[in-house]
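# Chains, contacts and geometry: an overview
Chain by chain, the residues run as shown.
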Amino acid sequence: MNNRYWIYYTDGAPGFTSLNTHTLTEGAHLTLAYGINPLRITAASSSPEVGTTTMLTGEFFDPILFDWILATGTTFTINGEATSSEENGTLSFIPSTTTPYVISLARDGYIKSAPVSLTPYVSDTSSTTATSSDPTPAPSPSQGGSAT
């Protein structure tokens with residue numbers, strides 16, 4: 001006919017049963033699509049360290065392969081600022097603050113992705129460094145150990 005189809009997704013996963021027999025759980029997100037494919041974002045980490053690179057990947061659902069495929073020519077929107085994807089549909093992202101980042105993905109002719117939230121953190125290296133107030137002194141030679 002017109003090469004149109006409909007499909008549903010629950011939390012980004014395509015449905016494998018008829019919709020009238022699908023059980024939707026509380027908090028789940030249902031997407032109904034007719035002749036248009038959705039986009040999704042996967043992040044290498046949902047809590048990356050500030051100043052380090054985390055990879056964002058944009059994908060679209062291919063109904064022929066029944067799988068998610070890299071989506072080239074997309075636009076990532078990070079806290080309201082649009083950035084084009086790299087040629088392969090990914091984006092190397094380096095968070096600069098611990099402020100949460102909300103990221104979405106768009107491309108003409110596709111359903112915009114659900115937003116993804118990243119919560120960066122700052123590494124606390126002070127807990128691994130011994131200080132002069134360390135309550136465990138090094139053993140003295142008279143205690144059978146060796147001082148370094």
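Structural notes, computed from the coordinates. Computed from a predicted model, the values in this text were never measured in an experiment.

## Quick look at the overall build of the protein
In terms of helices and strands, the protein carries zero helices and 12 strands. Along the protein, from the amino end to the carboxyl end, the secondary structure elements read β-β-β-β-β-β-β-β-β-β-β-β. Here the protein, with 148 residues, has 27% of them falling under the buried criterion. Sequence-distant contacts in the protein: of pairs separated by 6 or more residues, those separated by 24 or more amount to 51%. Of the roughly 9700 Å² that the protein leaves accessible, carbon and sulfur atoms contribute 54%.

## Considerations on the pairing of strand β8 (residues 81-84)
The sheet contact formed by strand β7 (residues 75-78) and β8 spans four bridges and is antiparallel. From the neighbouring strand, I78 faces β8, where its bridge partner is E81. Hairpin remark: β7 followed by β8, antiparallel, with two residues in the connecting loop; positive phi at N79, about 50°.

## A few points about the sheet that holds strand β1 (residues 6-10)
Read across the open sheet, the three strands follow the order β2-β1-β3; overall the sheet is antiparallel. A strand with exactly one partner marks an edge of an open sheet, and here the two such strands are β2 (13-14) and β3 (30-34). Here β1 runs beside β3; their pairing, made up of five bridges, is antiparallel. Within β3, the position partnered with Y8 by the bridge is L32.

## Quick look at the nonpolar core
For soluble globular proteins, nonpolar side chains are generally found buried alongside one another. In terms of nonpolar packing, the biggest core is built from 14 residues, with L56, F76, I78, I103 and L118 touching the most fellow members. Of all the secondary structure elements, the ones that give two or more residues to this core are β4 (37-43), β5 (54-62), β7, β9 (90-93), β10 (101-106) and β12 (116-118). If you tally residues by element for this core, the top one is β10, at three residues. Y9, A33, F61 and W68 belong to the second largest nonpolar core, which has five residues in total.

Quick notes on the rules
Residues numbered from 1 in each chain as written. Predicted model: local features only at pLDDT ≥ 70, side-chain atom pairs only at ≥ 80, totals over all residues. Heavy atoms only, no water. Helix = DSSP H or I, 4+ residues; strand = E, 2+ residues; numbered from the N terminus. Buried < 20%, exposed > 50% of the residue type's maximum accessible area, 1.4 Å probe, protein only. Contact = heavy atoms within 4.5 Å. Areas by Shrake-Rupley, 256 points an atom, 1.4 Å probe, with all protein chains shown as cover. Pairing = 2+ DSSP bridges. Core = buried A, V, L, I, M, F, W, Y, C linked by side-chain atoms within 4.5 Å.

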